[in-house]
Number of protein chains: 2
Amino acid sequence: MNVAAVTLPQPFLRRLKHIVGAGNCRTDPADCWAYGYDNSKRHALPQAVAFAAEHDQVRELAGLCHEFEVPLVARGRGTGTTGATTPIQGGLVLSLERMDRLLEFSPDNRYAVAQPGMTNEALQQAVGRAGFFWPPDPTSSAFCSIGGNLACNAAGPRAVKYGTPRDNTLGLRAVTGAGKEIRTGVFTTKGVVGYDLTRLIVGSEGTLAIITEATLKLTPRPEAKHTLRAVYRDVAAAARAVAAIMAQPVAPCTLEFIDGNALKLAQRHAPLGLPEGAGALLMIEVDGLKAGLAEAAERVGQAAGNDGLLDLSAAATWDEAEHLWQVRKALSPALRQVAPLKINEDVVVPVTELPALIAGLDELSAKHGIPIVNFGHAGNGNIHVNLLAQPQDMERAERCLDEVFGLVLRLRGTLSGEHGVGLAKRDYVDRELDAESMRLMRAVKAQFDPKGILNPGKMLPAAPCG
Amino acid sequence: MNVAAVTLPQPFLRRLKHIVGAGNCRTDPADCWAYGYDNSKRHALPQAVAFAAEHDQVRELAGLCHEFEVPLVARGRGTGTTGATTPIQGGLVLSLERMDRLLEFSPDNRYAVAQPGMTNEALQQAVGRAGFFWPPDPTSSAFCSIGGNLACNAAGPRAVKYGTPRDNTLGLRAVTGAGKEIRTGVFTTKGVVGYDLTRLIVGSEGTLAIITEATLKLTPRPEAKHTLRAVYRDVAAAARAVAAIMAQPVAPCTLEFIDGNALKLAQRHAPLGLPEGAGALLMIEVDGLKAGLAEAAERVGQAAGNDGLLDLSAAATWDEAEHLWQVRKALSPALRQVAPLKINEDVVVPVTELPALIAGLDELSAKHGIPIVNFGHAGNGNIHVNLLAQPQDMERAERCLDEVFGLVLRLRGTLSGEHGVGLAKRDYVDRELDAESMRLMRAVKAQFDPKGILNPGKMLPAAPCG
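Worth saying up front: this structure is predicted, and the values here are computed from it rather than measured. (Residues numbered from 1 in each chain as written. Chains lettered and ligands numbered in written order. Predicted model: local features only at pLDDT ≥ 70, side-chain atom pairs only at ≥ 80, totals over all residues. Heavy atoms only, no water.)

1. As for the domain arrangement of chain A
Under the domain assignment used here, chain A contains domain 1 (10–95), domain 2 (102–220) and domain 3 (224–330). Taken over C-alpha atoms, the centre of domain 1 of chain A sits 44 Å from the centre of domain 3 of chain A. (Domains from an automatic or database assignment.)

This is the structure:
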């Protein structure tokens, strides 16, 4: 496949301007610069950037790139952490940030049709006024885009009760790498006609098709929420509590975990009043009708109790809940202060393997001399593993990371729960997926994108030779 | 593609016997007969039937059929209603009924690994003892198989709260049409490495791969359930109630609908004590913790109330709940009595379109002289449309059905919510799916099944010539 383009041909650029209007494309490297990176701190300069305003422009642009074999990298707000939108083979970056409208909102049918550039927060506000929400809630929800959420299948704490984008998307309008429009899925919560192209495209990181409209499944907002904080002697006790909480009938809407290393670090940043010997912490939230919620929280609190529990606090007011969240919120600034170049992974293991994961990470930390702190979405077994490497330690950190992934796979886990693969994990994918599955994925990609122009070099490692 | 096989070659039969053992295959037409039909009443005779006992046999059988280009139709318990397992091109029927074991059950991680031939009920019993259930609950759950549930993405009443098989499957072990093994998905509730082959295979009706193991996501059993019955003057009032129920924070675990024609029919079978002028009925169930459940049911009851509500009854006991379900249970025998050859569809429309759907069906019923009664899973907009045709009316019924599908698609619906396509709806699929999506589906199929041996002639209509 020859998709690398050093300079874009003049006929391509002329037609590009014709499609989106001269005012909506950039070719000056200074203008293109900002469209070459994301939150992974990786960067590659595209030859051109275009801003699409509507579906037909996206279709025409994809057709143009297909014709000229120019790499086409769709981009929302660039908040991803894996380099999935860095144009490593150059070409055209298609910014969808101006396609940010809510096209339709049907409260009675519980769906909304959004353009990909709409931010998660703007969507939540629009549907929230009628008493609904869209479950995916990445930390970056204030500025990340719906299209990016779908491309990465990006979730957040609420996934433990309400699922990921794949569970909350009914259908798509999209454009393939051959510039063809497709409509996938349905406007209803059931539908079994044809193969499930919707969920195939969700999580495909812009390598199969570019989403131009998404029909999103909405959920009525709960009436109230109770917050609990449980502090444990060690990770094993916290993991036992997670399994017990997930086995009783009240599904928590948040079940966040913080390990002992992270607690120490957070306390360095601000005193948090944790009991002596705190080795792990769970933040638990239960939502629903006001009636019965206290009993539901109590039931979850009972499940949280075991012989390793040091303290269980329940928030009676919103202020108290904020106070309980203080530890979790102290983490990010503390981490930034300690290691600006930290490697932040988001591995997943079955809940019962959390103690083995954390113990194994402690061993790897000691072996490689890289501090590791861990926190994350315990109900899903989805842990943010932070390697706090200093600039001079990056090589050692990479070796450590390699062993972290090996550990996760031995524990029957997966390399990523919500960040995606992008560039960062591309070369590890073949340790998780079998060869025939990868061959099928490449073959499927070739049907959607016969010339391999859509986000080339991402998600799947290059096919083996011969 | 030349996959039709009139008689199977001797070398094929020898190797077939070698793979599964002579005692585990049948070639006598009398023995094969029973493996040629399902609950659609369609029939086609296979040349051979094999019973696999383990994954490796399935893999070798698929490799053998691939080599000899013999059609291979995987089959669970034959409870499907669309003819999806009838071997219309002959070949080998692979019965998975003996692969019926629970391979692993991890309550703490909330998953079970089942073989495809295990019945839905056997699974429910096995995991129920530890307080869990697997949400999909087709009416045939006592005898239908997990593999069939996955192949058709077959759901049931509980889907309104708990989702379909696609929402409740974590990963698969499967064999492609080239006889290759793949493992898809994860053992956790999150995972974004690679394309979502799990959900692509779920619902693909045995045309992409044969599932040999499924990792199923389990849910803790609710503690209690409340049952309500709401009777309305007309369908419009019932539909308004459905939208209102689905828009408040208490998700019902059942929200079933019965139209006026069905009520009349059921009352002919047995007097049901419905109020005068009953034009539609909703059966509503709410489950959860005992604490707060009465308030939750009351909230749902409030949402069910509008100016078309004639009667709202709540069951105080299990016996009373049974009594409320009497109408629903009277339907099937009544339908069988009236029209043994009834055509039972399972179309879906957005909830707000239910009145237009039922009104349109009444018109089509009058136009074609075919009685139509409707009931189904209203929370999902999934309605079982029953054309009560007599043997001499079948041609007229087919013309009527054609217009029913047209109506459903005009209302932004889908042709099937849970039965699947199989043979019955294959030739209507291109009215719902666009040409490029169908081209992609066929291209994807060709990657999984290069010689087109897996369940040929099902689900997708033949490709257009030229």
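2. Notes on the side chain of R426(A)
Residues and elements named next belong to chain A. Note that R426 resides in the loop between helix 14 (394–410) and helix 15 (429–432). Reaching out from R426, the side chain makes a polar contact with the side chain of D427 at a distance of 3.2 Å. Those residues within four positions of R426 in sequence are excluded, and the remaining contacts are I88, V421, G457, K458, M459, L460 and P461. (Helix = DSSP H or I, 4+ residues; strand = E, 2+ residues; numbered from the N terminus. Polar contact = N/O pair within 3.5 Å; in protein donor to acceptor, adjacent residues only side chain to side chain. Contact = heavy atoms within 4.5 Å.)

3. Regarding helix 1 (residues 10–20) of chain B
Residue and element names in this part refer to chain B. Where helix 1 is concerned, the buried positions are F12, L13, L16, I19 and V20. One side of helix 1 carries all its buried residues, which in axial view fall inside an arc of 125 degrees. Opposite the buried face of helix 1, by more than 90 degrees, sit the exposed residues R14 and H18. Elements that come into contact with the buried residues of helix 1 comprise strand 1 (25–26), strand 2 (48–51), helix 3 (55–68) and strand 4 (92–95). Where helix 1 ends, the next residue or the one after it, G21, has phi of about 90 degrees, a positive value. (Buried < 20%, exposed > 50% of the residue type's maximum accessible area, 1.4 Å probe, protein only. Arc of directions from axis to C-beta.)

4. Some points on a nonpolar patch on the surface
Residue and element names in this part refer to chain A. Taken together, W33, Y37 and L45 make up a surface patch of nonpolar side chains, about 300 Å² in accessible area. Looking at the secondary structure, you find W33 in the loop between helix 2 (29–32) and strand 2 (48–51). Classification of W33 by relative accessible area gives partly exposed; the value is 49%. (Patch = residues over 30% accessible without salt bridge, like charges linked within 9 Å, V, L, I, M, F, W, Y side chains within 5 Å. Areas by Shrake-Rupley, 256 points an atom, 1.4 Å probe, with all protein chains shown as cover. Salt bridge = Lys/Arg side-chain N within 4 Å of Asp/Glu carboxyl O.)

5. A look at the sheet that holds strand 3 (residues 72–75) of chain A
Residue and element names in this part refer to chain A. Here we have 4 strands laid out as an open sheet, ordered 1-2-4-3, and mixed in their pairing. This sheet does not close on itself; its edge strands, each paired only once, are strand 1 (25–26) and strand 3. With 4 bridges joining them, strand 2 and strand 4 (residues 92–95) adopt parallel strand pairing. What sits directly across from A48, in strand 4, is L92. (Pairing = 2+ DSSP bridges.)

6. A word on the interface of chain A and chain B
Counting residues at the interface gives 86 residues for chain A, matched by 86 residues for chain B. Surface buried jointly by chain A and chain B totals about 7100 Å² across both partners, of which 62% is contributed by carbon and sulfur atoms. Across the chain A-chain B interface, the total number found is 8 salt bridges. One salt bridge connects K190(B) with E418(A), and the closest N-O pair in it is separated by 2.7 Å. Where chain A meets chain B, there are 28 residue pairs in polar contact (both at pLDDT 80 or more). Of all the secondary structure elements, the ones that give two or more residues to the side of chain A that touches chain B are strand 9 (181–185), helix 7 (197–201), helix 8 (235–247), helix 10 (293–304), helix 15 and helix 16 (435–448) of chain A. With 10 residues, helix 16 of chain A is the largest single contributor of residues to the side of chain A that touches chain B. In terms of residue class, the side of chain A that touches chain B is made up of 39 nonpolar, 25 polar and 22 charged. (Buried area = accessible area lost by both parts, 1.4 Å probe. Nonpolar A, V, L, I, M, F, W, Y, C, P; charged D, E, K, R; others polar.)

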